[in-house]
Protein chains: 2
Amino acid sequence: MASETSKSVGFEKHDHGLCLEKAIKAAEAYCDRCNLQFTPLRRKVLEILLEEHRALGAYAVLDLLREAGLGSQPPVAYRALSFLVEHGFAHKIERLNAFVACALPDILHSPAFMICRKCDTVVEAQSPSSSFDLSATASATGFEIEQTTLEAKGVCNSCAEMA
Amino acid sequence: MASETSKSVGFEKHDHGLCLEKAIKAAEAYCDRCNLQFTPLRRKVLEILLEEHRALGAYAVLDLLREAGLGSQPPVAYRALSFLVEHGFAHKIERLNAFVACALPDILHSPAFMICRKCDTVVEAQSPSSSFDLSATASATGFEIEQTTLEAKGVCNSCAEMA
DNA sequence: AACATAAATGATATATTATAACATTACAAG
DNA sequence: CTTGTAATGTTATAATATATCATTTATGTT
């Protein structure tokens, strides 16, 4: 499956203890402001997603939780992940049934992703896209859009170069 | 779950033996042209999706197949559905883990959907959208998009009116 | 601080979705 | 007609996700 421990943001390498810490602080601050409980469990799950920096299935998260001695049954992972997704700290990649930490924690945005089918790296697009072609059809039919999922499958630069 | 037998295209009712027949003919013609085998099983699965005219899970399809006496194990349904999706006769709705017949069989298009979270009705957008905000990010990073998934969750007109 | 209430977590069980692997049949090309 | 390929049948199991109920932890109120 994915490229073991490539630790890439986007498709390039980078040092990243920093962005992890920043993201955790941001989540903490947000939860403080909104009276949400940023519990040790939820924090740990977010740390796991940030640490791995790629899309992780719920059971992969669960394994890492277990290693950390923090809960070991599926609902534990799913509940924490739901919390993170609900509040925008993480996103679910529907095509992969997997979860990634949000790469744009400060910006209000409709998530959009590029998923490499070779290495499974997931990159969150930088544009705060929210109005697509859909909006025309939507307003025509009276459909009220609440949330959009935009995922592009393809091949990333480094995988293309290898071939 | 979904609205039993609402049989709606988009969110409005319509007579629809016609569009079923048309879609089947179109698929048949396409398969002829491309040397694909439009087998009784594949035809039946497409008929099921067209008939129901909403997103059906693989196991729902399988139940209907079974009723029709045409195969009864999961791989049978999944294989036929894969074929239909691969050749554009149907689409997978990732958010629902479900499948719908393509509503725009003649037009080359990136599918885009609106999904009502109350009645699960799925409408395929009419615009042949294929270039979104993603394309900028994609070209910047050298990512080559092969396929996009665009799904909007929300509430359809009739469900909104009920409330 | 003591209590009531709500929120989160723990734990068990099970539902739902999907695929691997191998056997068999159908069908087309040489 | 036999050989290769694609499709289907069949069994088993993997991977993903949730329902339910018990317990603990946090929060707000007196």
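My aim in this report is to walk through the structure given alongside it, one point at a time. (Residues numbered from 1 in each chain as written. Chains lettered and ligands numbered in written order. Predicted model: local features only at pLDDT ≥ 70, side-chain atom pairs only at ≥ 80, totals over all residues. Heavy atoms only, no water.)

## What about the nonpolar core?
Okay, so step 1: Met 114, Cys 116 and Leu 134 of chain A together with Met 114 and Leu 134 of chain B are the most contacted members of the largest nonpolar core, which totals 28 residues.
Okay, so step 2: When contributions to this core are tallied by element, the ones reaching two or more residues are strand 5 (112–116), helix 5 (134–141) and strand 7 (144–155) of chain A together with strand 5 (112–116), helix 5 (134–141) and strand 7 (144–155) of chain B.
Okay, so step 3: Residues contacting Leu 134 of chain A, with those up to four places away along its chain left out, are Ile 145 of chain A together with Ala 112, Phe 113, Met 114, Ala 125, Leu 150 and Ala 152 of chain B. (Core = buried A, V, L, I, M, F, W, Y, C linked by side-chain atoms within 4.5 Å. Buried < 20%, exposed > 50% of the residue type's maximum accessible area, 1.4 Å probe, protein only. Helix = DSSP H or I, 4+ residues; strand = E, 2+ residues; numbered from the N terminus. Contact = heavy atoms within 4.5 Å.)

## Regarding helix 4 (residues 74–86) of chain A
Okay, so step 1: Taking 1.5 Å per residue as the helical rise, helix 4 of chain A with its 13 residues ought to reach 18 Å, and the 18 Å between its terminal C-alpha atoms agrees with that figure.
Okay, so step 2: Directly after helix 4 of chain A, the chain includes Gly 88 of chain A, whose backbone phi takes a positive value near 85 degrees. (Expected span 1.5 Å × (residues − 1).)

## Overview of the relation of the copies chain A and chain B
Okay, so step 1: Take chain A, turn it by 180 degrees, move it 0.0 Å along the axis, and it overlays chain B with an RMSD of 0.0 Å. This pairing of chains is accounted for by a two-fold axis. Closest approach to the rotation axis among the C-alpha atoms of chain A is made by Leu 150 of chain A, whose C-alpha sits 2.3 Å away.
Okay, so step 2: Take the interface residues of chain A: 100% of them recur as interface residues in chain B, which is what a same-surface contact looks like. (Least-squares fit on C-alpha atoms with pLDDT ≥ 70 in both.)

## Comments concerning the protein's contact with DNA strand C
Okay, so step 1: In the vicinity of DNA strand C there are 15 residues, among which Thr 39 and Arg 79 of chain A together with Tyr 59, Tyr 78 and Lys 92 of chain B approach most closely.
Okay, so step 2: Side-chain polar atom of Arg 79 of chain A to a base nitrogen of DNA strand C: 2.6 Å apart, as the coordinates give it.
Okay, so step 3: Tyr 78 of chain B places a polar side-chain atom, nitrogen or oxygen, 3.1 Å from a phosphate oxygen of DNA strand C.
Okay, so step 4: Looking at the surface near DNA strand C, the elements that each hand over two or more residues are helix 2 (40–52) and helix 4 of chain A together with helix 4 (74–86) of chain B. (Near = heavy atom within 4 Å. Polar contact = N/O pair within 3.5 Å; in protein donor to acceptor, adjacent residues only side chain to side chain.)

## A word on the packing of helix 2 of chain A against helix 3 (residues 58–67) of chain A
All names here are of chain A.
Okay, so step 1: The interhelical angle for the contact between helix 2 and helix 3, taken along N-to-C directions, is 115 degrees, at an axis separation of 10 Å. Regarding helix 2 and helix 3, the two cross each other, and that crossing is right-handed. When helix 2 is examined against helix 3, the residues Leu 41, Lys 44, Val 45, Ile 48, Leu 49 and Glu 52 are found in contact with a partner set consisting of Val 61, Leu 64 and Leu 65.
Okay, so step 2: The residue inventory of the contact of helix 2 with helix 3, partitioned by class, reads 7 nonpolar, no polar and 2 charged. (Axes fitted to C-alpha atoms, helices over the stretch in contact; angles between N-to-C directions. Left-handed = near helix turned anticlockwise from the far one by under 90°. Nonpolar A, V, L, I, M, F, W, Y, C, P; charged D, E, K, R; others polar.)

## Structural notes on the protein's contact with DNA strand D
Okay, so step 1: Taken together, the neighbourhood of DNA strand D is formed by 15 residues, with Tyr 59, Tyr 78 and Lys 92 of chain A together with Thr 39 and Arg 79 of chain B sitting nearest.
Okay, so step 2: Sugar and phosphate atoms constitute 46% of the interface atoms of DNA strand D, taking the interface as everything within 4 Å of the protein.
Okay, so step 3: At 3.5 Å, a side-chain N or O of Asn 97 of chain A approaches a phosphate oxygen of DNA strand D.
Okay, so step 4: Side-chain polar atom of Thr 39 of chain B to a phosphate oxygen of DNA strand D: 2.5 Å apart, as the coordinates give it.
Okay, so step 5: Of all elements in the fold, only helix 4 of chain A together with helix 2 (40–52) and helix 4 of chain B reach the threshold of two or more residues within the surface near DNA strand D.
Okay, so step 6: Grouping the amino acids of the surface near DNA strand D by side-chain chemistry returns 7 nonpolar, 5 polar and 3 charged.

Honestly, it's all geometry; don't read function into it.
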